[in-house]
Amino acid sequence: MITAVAASMGRAATPAPRAQSSRLPRAVSRLRLVLRSSEAAVRSGRERWMGCFRPAPSPATAAAAVKEAMKGKRPEVEVEPARGGGEDVWSAGADAEVAQAGAFPEHLVIMVNGLVGSADDWKFAAEQFVRRMPDKVIVHRSKCNSATQTFDGVDLMGERLANEVLSVVEQRRGVKKISFVAHSLGGLVARYAIGRLYEPNSRSKSSGGRDDVEHLEGHIAGLEPMNFITFASPHLGSSGNKQQLPFLCGLPFLERRASETAHLIVGRTGKHLFLTDNDDGRRPLLLRMVDDSGDLQFRSALRSFKRRVAYANANFDHMVGWRTSSIRRQHELPKHRLLVRDEKYPHIVYVEKEVTDNNGTEAHADLYDPEEEMIRGLTQVPWERVDVSFQKSSQRLVAHNTIQVKSYWLNSDGADVINHMMDNFIV
């Protein structure tokens, strides 16, 4: 028995030297790893200690470092509810720059939805803005006039928008410039709001051209006005005259019935669009909005912007006619044979640079026409016209929404129109 135990112990003890020899390389490797980590820790500690004696980087250098680190990466988009309503959209990289003593975006872009719309209608365009100009703009999608609130009338909607803008400006004290981007009815609401927010500027440049003086004529909500851009907005109303409301097919009977019953469907807004409002015996609101009217200086507010741009659907927009959205007379519309397509922007068919008071005024001066009065009033300040056509697009039947890319899945063909706007945007 003792012999058997000794034999078994001998067998168990025999492989021990091999096991020790196999563990030796692993132990050596671990020792090297520990030594390497210790050396790195010592080196890191020495670098931190030496860093105390190095000068701190300048704010410009720090901001440049952040931009370099973000180069090649798609900027993340942050969305946050704004005090007073709406949503603020900006790049997460902007916060990183602020942390590194950089400058927060100084340009506030207000986006306004149309009839029965919402802040979500501008989601695609807002995100494109922020991704392309992460360190320049902060976008606010207005939320004060959505769904059935858009039936309350252009004036009440304009007052709400003005209050919302003031709230955002108070919250974002770092902004210095302001622009408006509006779709459909939102263009009229934005025009009313800027009339309310306009502040005359008594300062003037002693040296400078006429344009410099014009651009210093006033502020909007205390900020420098830059771009006022509308998409398919009924600037001349929807009175039905000559197919301003295309789905009525220009039939006089339907146009008369529409003007008589619009208020039953879309409330006070319908009266404003068809110029049938008569509040306290005053002239229709849209006629008053083409000039300065008491404490509401609509024309001066428009003039204070560096750019005014009207994007208009030349066809297939069943809600807003080409003339009313481009602020033109019938004979001023570009001829179809003159429409030239741009390879970069396949749906932009005609671009007319700034034009003031086109030459049809004198011919109509002896006749009173509310539409002519609105054209003459609005064209006292220069407008750029950009005509859009989705004639060859499968989304042409919803051109009114496609021009702003209301929903990317349904209106993606309008992306080139949004790109055109951003490529020409003054920041």
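This is a predicted model, so every value here is computed, not measured. (Residues numbered from 1 in each chain as written. Predicted model: local features only at pLDDT ≥ 70, side-chain atom pairs only at ≥ 80, totals over all residues. Heavy atoms only, no water.)

### With respect to the overall build of the protein
Here comes step 1: Scanning the protein for helices and strands turns up 17 helices and 13 strands.
Here comes step 2: For the protein, the proportion of contacts with a sequence separation of at least 24, taken over those separated by at least 6, is 73%.
Here comes step 3: If you sum the accessible surface of the protein, you get close to 21,600 Å²; carbon and sulfur atoms cover 55% of it. (Helix = DSSP H or I, 4+ residues; strand = E, 2+ residues; numbered from the N terminus. Contact = heavy atoms within 4.5 Å. Areas by Shrake-Rupley, 256 points an atom, 1.4 Å probe, with all protein chains shown as cover.)

### Observations regarding the pattern of salt bridges
Opposite charge on two side chains permits them to pair, given that their charged atoms come into close proximity.
Here comes step 1: Counted by the stated rule, this structure contains 23 salt bridges.
Here comes step 2: Here Arg 328 ties to Asp 387 by a salt bridge, and the two come within 3.1 Å at their closest N and O atoms. With a gap of 59 residues between them, Arg 328 in the loop between α12 (322-326) and β12 (348-355) and Asp 387 in strand β13 (residues 383-388) connect regions that are remote in the sequence. In this pair, the class of Arg 328 matches that of Asp 387, namely buried.
Here comes step 3: It is possible to trace a salt-bridge network through shared partners that takes in Arg 328, Glu 352, Arg 385 and Asp 387. (Salt bridge = Lys/Arg side-chain N within 4 Å of Asp/Glu carboxyl O. Buried < 20%, exposed > 50% of the residue type's maximum accessible area, 1.4 Å probe, protein only.)

### Some thoughts on the sheet that holds β12
Here comes step 1: With mixed pairing, nine strands are arranged side by side in an open sheet as β1-β2-β4-β3-β5-β8-β11-β13-β12. Strand pairing shows two members of the sheet lacking a second neighbour, β1 (77-81) and β12, which therefore form its edges. This sheet shows a mean twist of 15° between the axes of neighbouring strands, independent of strand direction.
Here comes step 2: As paired elements, strand β11 (residues 307-313) and β13 share five bridges and run parallel to each other. Opposite Tyr 311, over in β13, you have Val 386 as the bridge partner.
Here comes step 3: Sitting on the sheet, helix α5 (residues 123-132) touches β1, β2 (87-91), β3 (107-112), β4 (137-141) and β5 (177-183), and the angle it makes with β4 is about 170°.
Here comes step 4: Across the sheet, helix α7 (residues 185-197) touches β3, β5 and β8 (224-231), and the angle it forms with β5 is around 150°. (Pairing = 2+ DSSP bridges. Axes fitted to C-alpha atoms, helices over the stretch in contact; angles between N-to-C directions.)

### As for the confidence of the model for the protein
Here comes step 1: Chain-level statistics for the protein give a pLDDT mean of 79 and a share of 67% at 70 or above.
Here comes step 2: Low confidence marks residues 40-72, where pLDDT is under 50. Its contacts with residues over four positions away, or in another chain, come to 14 contacts.
Here comes step 3: In this model, residues 360-365 is a region of pLDDT below 50 whose contacts with residues beyond four sequence positions or in other chains number 12 contacts. (pLDDT = per-residue confidence, 0-100.)

### Remarks on the packing of aromatic side chains
Here comes step 1: Here the structure, examined in full by the defined rule, presents 10 aromatic pairs.
Here comes step 2: Ring geometry for Phe 180 versus Phe 305: centroids 6.2 Å apart, planes at 75°, classification edge-to-face. Here the residue Phe 180 occupies a position in strand β5, and Phe 305 occupies one in the loop between α11 (298-303) and β11, the gap between them amounting to 125 residues.
Here comes step 3: With centroids separated by 4.6 Å and ring planes inclined at 5°, the aromatic side chains of Phe 231 and Tyr 311 adopt a geometry described as stacked. With Phe 231 in strand β8 and Tyr 311 in strand β11, this residue pair connects regions lying 80 residues apart in the sequence.
Here comes step 4: By relative accessible area, which is 0% here, Phe 231 ends up buried.
Here comes step 5: Its relative accessible area of 1% is what places Tyr 311 among the buried residues.
Here comes step 6: An aromatic cluster is defined as three or more aromatic residues linked by ring pairs; in this entry it consists of Phe 180, Phe 228, Phe 305 and Trp 383.
Here comes step 7: In this structure, Arg 396 is placed above the aromatic ring of Phe 316, and the distance from its NZ or CZ to the ring centre is 5.8 Å. (Phe/Tyr/Trp six-rings, centres within 6.5 Å; stacked < 30°, edge-to-face > 60°. Lys NZ or Arg CZ within 6 Å of the ring centre and 35° of its normal.)

### Focus on the packing of α5 against helix α17 (residues 415-423)
Here comes step 1: In the contact formed by α5 and α17, the axes pass within 11 Å of each other and the chain directions differ by 45°. With respect to each other, α5 and α17 are oriented oblique. Taken as a pair, α5 and α17 cross one another with a handedness that is right-handed. Note on element contacts: α17 touches α5 through Ala 415, Ile 418, Asn 419, Met 421, Met 422 and Asp 423, opposite Phe 124, Ala 125, Gln 128, Phe 129 and Arg 132.
Here comes step 2: By residue class, the composition of the contact of α5 with α17 is seven nonpolar, two polar and two charged. (Parallel < 35°, antiparallel > 145°, perpendicular 65-115°, else oblique. Left-handed = near helix turned anticlockwise from the far one by under 90°. Nonpolar A, V, L, I, M, F, W, Y, C, P; charged D, E, K, R; others polar.)

### So, a nonpolar patch on the surface
Here comes step 1: A cluster of nonpolar residues, Tyr 408, Trp 409 and Leu 410, forms a patch on the protein surface that exposes about 440 Å² of accessible area.
Here comes step 2: Relative to the helices and strands, Tyr 408 is located in helix α16 (residues 408-411).
Here comes step 3: Of the residues examined, Tyr 408 reaches a relative accessible area of 40% and is grouped as partly exposed. (Patch = residues over 30% accessible without salt bridge, like charges linked within 9 Å, V, L, I, M, F, W, Y side chains within 5 Å.)

### A closer look at unusual backbone geometry
Here comes step 1: A positive phi is found at Ala 147, a non-glycine position, where the angle reads about 50°.
Here comes step 2: As for its position among the elements, Ala 147 is in the loop between β4 and α6 (154-171).
Here comes step 3: The exposure class of Ala 147 is partly exposed, given its relative accessible area of 37%.
Here comes step 4: Residue Ile 327 is not a glycine yet carries a positive backbone phi of 55°.
Here comes step 5: Turning to its location among the elements, Ile 327 is positioned in the loop between α12 and β12.

### Side note on the packing of α6 against α7
Here comes step 1: Contact geometry for α6 and α7: axes closest at 8 Å, N-to-C directions at 60°. One element, α6, and the other, α7, form an angle in the oblique class. You can see that α6 and α7 cross each other, and the crossing is right-handed. On α7, the residues touching Val 154, Asp 155, Met 157, Gly 158, Glu 159, Leu 161, Ala 162, Val 165 and Leu 166 of α6 are Leu 185, Leu 188, Val 189, Ala 190, Tyr 192, Ala 193, Arg 196 and Leu 197.

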